[in-house]
Structure formats: C-alpha cells, structure tokens
Amino acid sequence: MKILIGFKKNNIFEKRKNKKNNIKKTSSNNSNFNKNTDIKNNIIIENKIIEENIENNNNNNNNNNNNNNNNNNNNNNNNNNNNNNNNNNNNNNNNSSVDNNFNNNNCVDNNFNNNSDNSYNNNSYVPMIQYSNIHCIDWSSLISVDKLDLGSSNIFLVATFLNNRCEYNQVLLKSSTTIVQEVYASVLESILKLPIPEMRLLEYSNDEYIQMSRSLLTISSKTNRSLHDYIKLELLKSFFLIMEYAPNGKSFKDLDYKEYFSGYGGEKKLNQLGQVIAFDIFCNNSDRLPLIWDNVSSHFSNILFYDIPNRNGWYISLMNSNVTCINNSSFTIGYRKYITRVKSLLYAIFKRPNIESNQIKKMRESISKSYKINLSSSCGISIQRGLIQGVQLIISRISMSILSDTKEKLRHLVKIDSTINAWKKGLDSIHLPFLSDLLDTMVLFY
C-alpha cells in the first residue's frame, strides 16, 4: 500500500572566484589528495616544457635556445604560482565543505558567527540539493516551518531540514480530526494508481513523535508565535501524516487558466480532472469540485497542478482526500438523495458520452463565474470523458473484498489509540454498505 503501507533532486552549482590577492597561504601539511594533484600537475607541466623545447630546437638557433630557457624558467615560476593557487583553493574547499555549523548566502545557521578572517567564504562554492524524503528524518536539523493552505480549511505544515552536506529536505506534515478516513482514501487512491504523494503515519506513542513535537515547537517559538500556538493544538490530535512535497506545484487560483488548459497537454489535464472527480464521487468527497454536491465552499481544494507531468504522466497531485460515508439507517433521506444524484449523472454521461451533460455544464459555468474565466463546452466534454474513464478504473480495480480488507488493515495500523479513541471512531465512520452501493451503481451504468 502507498501509505506505509521523489523532488526530485535539483542540483544548483556555483563557481567560486577568488582573487589572487585574497588567497592566503596554507600550511605545508597538505592532504594526500593535494599531493597527488601536485604530482599530476607537475608531470603535465614538465611534458609541456619538453615539447616546447623540442619544437624550439627545430626552428631556432642556439642563441634562441637561451631565450627559450629563460622563458621556460618563467613558465615554471608561473606554473608553480598556479599550483600554489590551486592548493589554496583545494584547502579552502576542504575546510568549508563539511561543517555542522556553517553560514553563507545560501546555507543558513543562526548559531554560526562569521569571522573577519574567513570573509572569503562569502563566495564559496556550496552545492544545494533540494529533495523530499519522508523516511529517516533528523528532526534536530529542522531549520524552518511554515503553513501551506490548500483550501477547505486544510492546513499543511511545510518542514524544511538542512543537513551537514548543505542539502535541503522538505516534507509536509498534517493532522486532522478525520485522519483515519483520509488514510483510507489514500490507500484506495494508491490501488487505483492516482497521483498522490508518498506518505507515512506517525502516531503519538512513537518516540519520533516526541522528537518531531520538540523541534516544531522550538523553531516556531523563535519565529512566529501564532504558528507556535497552532502547532501546539495540532499536536494534541495524536496522529500525523508525513508527506512528500514537491514545491513547484500551483493551486488553481495561481494558474494561467487559458494557457494551462488550452496549451500543450490541455485536453489530457482536463481528462485527468475527470478521473479525479470519479474517485471523489465514489468517496463522497466534496472538497474539490461542485459537481453533485451543494454548498461547496471552494473549488479545486487539496490539489496541485504542475507544468511538467510526473513519470506516470500526471499533471496533478492529490494532496488530501476523504471518505464521507452516509449511514442508511441514520440518514436515510441523505443516503437516497446522494445515490439518486450519482445515478442521474452516470446515466447522462454514459448514454451520450460526447455531449456535455447538464451536471458537467453546471459545474463548468460555476467555475467560470468564480474565477472569471471562459471554459468552453469542449472543456466540459474532456472532463466528462475523463470521468467515464475514472468510473471504469474503479470498477476494474475496486471490489467489496478490497474495501473490507483495507478497513481491517487500518484497524491494526496503530499500536495505541488516543485517549478519546479517535482511531476507532474514524474506522467506525467508514460505512462499507454505502461504498458497496456506490460501487454497484457504477457497475449498473457501465
């Protein structure tokens, strides 16, 4: 399973330029690496001198040979100076490459104070590698924490770490009162191979939870008091998701809509949105698009858009999904109302797949009005075709036994429940008969 149960690295290299008059002489105790480098450079220099002498002997008389010798001596002196410069550069690199406390234009450590004698480090070469690794996190290397709002009151924490190799690691942290339902939805998304970040669950009984809490509170107390108070409340929820983070994603409001959906891959992007809608219908997840749900407060919540597709061809990433089951015995009216709406939508799109249904048209007009953009009916048809593909995918890969087995595995996922039995209550809210009826409805119209 995807949960537990990359970003990809980006290398930034800078060339260091040191002026000759700023370079300081180093001690005679050079490393073996520098000695080997000196030997290699001397061999190259000597070979060049020999070649020059042979050529000059063939072309010049004895009087010119004296001049050549003088030139060679000058060359030797210049080369020796170059060697000394190279040695100094190598020593500077070795002295500044690995240090637990360091500071320059790109690597920040508040505990490091610059020395006036080391002012040349301002232009030193520092490789910065940014990636997202959710495993084996050194929480003591946390340097910053910020909020990331993806809509519908879903707040993520962006945690940034910096190791002694000057590599940045960023992950997302999230807790929720419906975290069990979110984990359940993530497992189903993984089975369907939908685009979700890698994630793992961290429970409060784990020692790592204490390390995480201490680091988050320490860093936030120094930078942002309101964030500090927010984190304190979040830590009371007992369970956290640690998620992979690709920061170059954009929310819907940050997109150039016309260019994004009409340019390269535009139809495929709309098609993928349709597949996401199919899954949201199956899980009764109303956070993203106002298709068959009333009073949707925001559009495209918990979804990030990318200009370049991932290795599986997806231009989007689903950051958070939820399963909202309706219990037939307790909410009979709401239960029947939702099933009826799903049947009406499926009937319309499967009967006339190439003609925009009234439900899709209504959703498209709502988005166009909210964001003051012009989405044509062809955009709606592309979304509709993707929705059909999404329904077909659910039917082919999800069964009642998978739904039941997934719930049972989550029951044994945590060692100790919270004091308010949050994990058990979340599992009890996943009403399998509701999901079974939705699956049967999809099969009926397929």
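This one's a predicted model, so the numbers in the text were calculated from it and none came from an experiment. (Residues numbered from 1 in each chain as written. Predicted model: local features only at pLDDT ≥ 70, side-chain atom pairs only at ≥ 80, totals over all residues. Heavy atoms only, no water.)

Q: Where do I start with the nonpolar core in this structure?
A: A general trend in soluble globular proteins is that nonpolar side chains are found buried together. Counting residues in each nonpolar core, the largest one holds 84 residues, and the members touching the most others are Ile281, Phe282, Leu291, Phe305, Leu387, Trp423 and Leu435. Counting residues per element, this core draws most heavily on helix α7 (residues 266-283), at 9 residues. Residue contacts for Phe282: discarding those within four places in its chain leaves Leu188, Ile394, Ile398, Leu403, Leu435, Leu438, Leu439 and Met442. (Core = buried A, V, L, I, M, F, W, Y, C linked by side-chain atoms within 4.5 Å. Buried < 20%, exposed > 50% of the residue type's maximum accessible area, 1.4 Å probe, protein only. Helix = DSSP H or I, 4+ residues; strand = E, 2+ residues; numbered from the N terminus. Contact = heavy atoms within 4.5 Å.)

Q: Would you mind going over the packing of aromatic side chains with me for this structure?
A: One pair of aromatic rings is described through two measures. These are the centre distance and the angle between the planes. Per the stated rule, a full pass over the model turns up 12 aromatic pairs. With a centroid separation of 5.8 Å and 55 degrees between ring planes, the pair formed by Phe252 and Phe305 is classed as tilted. Of this pair, Phe252 sits in the loop between β7 (239-244) and α6 (257-262) while Phe305 sits in strand β8 (residues 303-305); the two residues are 53 residues apart in sequence, bridging distant segments of the chain. Residue classification places Phe252 among the buried positions, given a relative accessible area of 3%. Geometrically, the ring pair formed by Tyr260 and Phe261 is edge-to-face, given 5.1 Å between the ring centres and 85 degrees between the ring planes. By the burial criterion, Tyr260 is buried, and Phe261 matches it. Among the aromatic residues, ring-to-ring pairing joins Phe252, Tyr260, Phe261 and Phe305 into one connected group. Positioned over the ring face of Tyr230 is Lys147, at 4.1 Å from the centre of the ring. Cation over ring: Lys269 sits above Tyr315, and NZ or CZ is 4.9 Å from the ring centre. (Phe/Tyr/Trp six-rings, centres within 6.5 Å; stacked < 30°, edge-to-face > 60°. Lys NZ or Arg CZ within 6 Å of the ring centre and 35° of its normal.)

Q: So what exactly am I meant to see when it comes to the pairing of strand β6 (residues 199-203) here?
A: Working note: regular strand, side chains alternate between the two faces of the sheet. The buried count for β6 comes to 5 of 5 residues, which makes it a mostly enclosed element. Side chains of β6 alternate between two faces, with Met199, Leu201 and Glu203 and Arg200 and Leu202 buried alike. Here β6 pairs with β7 via 5 bridges, running antiparallel. Within β7, the position partnered with Glu203 by the bridge is Phe239. (Pairing = 2+ DSSP bridges.)

Q: What is the right way to look at the pattern of salt bridges in this model?
A: Two side chains of opposite charge can pair, provided their charged atoms sit close to one another. Evaluated as defined, the whole model comprises 11 salt bridges. For Arg385, the salt bridge goes to Glu267, with nearest N and O atoms at 3.9 Å. Of this pair, Arg385 sits in helix α10 (residues 377-397) while Glu267 sits in helix α7, and the two are 118 residues apart along the sequence. Accessibility expressed as a relative area gives 51% for Glu267, which makes it exposed. A salt bridge links Arg411 to Glu408; the shortest N-O distance between them is 3.5 Å. You can see Arg411 and its partner Glu408 sitting in helix α11 (residues 400-411), 3 residues apart, about one turn around the helix. (Salt bridge = Lys/Arg side-chain N within 4 Å of Asp/Glu carboxyl O.)

Q: Would you mind going over the pairing of strand β4 (residues 155-162) with me for this structure?
A: In terms of burial, β4 is largely enclosed, as 7 of its 8 residues are buried. The pairing of strand β3 (residues 142-149) with β4 spans 7 bridges and is antiparallel. Following the sheet pairing, Lys147 is matched in β4 by Leu157. As defined by bridge partners, β4 adjoins strand β5 (residues 167-174) across 6 bridges and the pair is classed as antiparallel. From the neighbouring strand, Val158 faces β5, where its bridge partner is Leu172.

Q: Quick question: what am I supposed to make of the state of the cysteines here?
A: Note on terminology: a disulfide is the covalent bond linking the sulfur atoms of two cysteines. Tallied over the entire structure, the rule returns 0 disulfides. Between Cys283, a free cysteine, and Cys325, which holds the nearest cysteine sulfur, the sulfur-to-sulfur gap is 8.0 Å. (Disulfide = S-S within 2.5 Å.)

Q: What is the right way to read the environment of Ser429 from this model?
A: Here Ser429 shows up in the loop between α12 (422-428) and α13 (432-445). Assessed through its relative accessible area of 30%, Ser429 is described here as partly exposed. Through-space distance from the C-alpha of Ser429 to that of Thr324 is 8.0 Å; in sequence the pair is 105 residues apart. Setting aside residues up to four positions removed in sequence, Ser429 forms contacts with Gln181 and Cys325. Among the polar contacts listed, one links the side chain of Ser429 to the side chain of Gln181, at a separation of 2.9 Å. (Polar contact = N/O pair within 3.5 Å; in protein donor to acceptor, adjacent residues only side chain to side chain.)

Q: So what exactly am I meant to see when it comes to the side chain of Asp280 here?
A: Of note, Asp280 is situated in helix α7. Exposure remark for Asp280: the relative accessible area of 1% places this residue in the buried category. In terms of polar contacts, Asp280 uses its side chain to reach the side chain of Arg288, at 3.0 Å. Here Asp280 is in contact with Asn285, Arg288, Trp293 and Tyr338, once residues within four sequence places are set aside.

Q: How do you make sense of the side chain of Thr406 when you look at a structure like this?
A: Turning to its location among the elements, Thr406 is positioned in helix α11. Beyond its immediate chain neighbours, meaning those up to four positions away, Thr406 contacts Tyr184, Val187, Leu188 and Ile191.

Q: It is not clear to me how the packing of α11 against α13 should be interpreted in this structure. Could you clarify?
A: The relative placement of two packed helices comes down to the angle between their axes together with the axis-to-axis distance. Remark: α11 packs on α13, axes separated minimally by 10 Å, with the N-to-C direction vectors making an angle of 155 degrees. By the angle class used here, α11 and α13 are roughly antiparallel. The crossing of α11 and α13 is right-handed. Residue-level contacts link Met400, Leu403, Ser404 and Lys407 of α11 to Leu432, Leu435, Ser436 and Leu439 of α13. For the contact of α11 with α13, a count of residues per class yields 5 nonpolar, 2 polar and 1 charged. (Axes fitted to C-alpha atoms, helices over the stretch in contact; angles between N-to-C directions. Parallel < 35°, antiparallel > 145°, perpendicular 65-115°, else oblique. Left-handed = near helix turned anticlockwise from the far one by under 90°. Nonpolar A, V, L, I, M, F, W, Y, C, P; charged D, E, K, R; others polar.)

Q: Looking at this structure, how should I read the environment of Lys424?
A: Following the sequence through the fold, Lys424 ends up in helix α12. Here the alpha-carbon distance between Lys424 and Val180, two residues 244 residues apart in the chain, equals 8.6 Å.

Function cannot be read off these values alone, since they describe shape.
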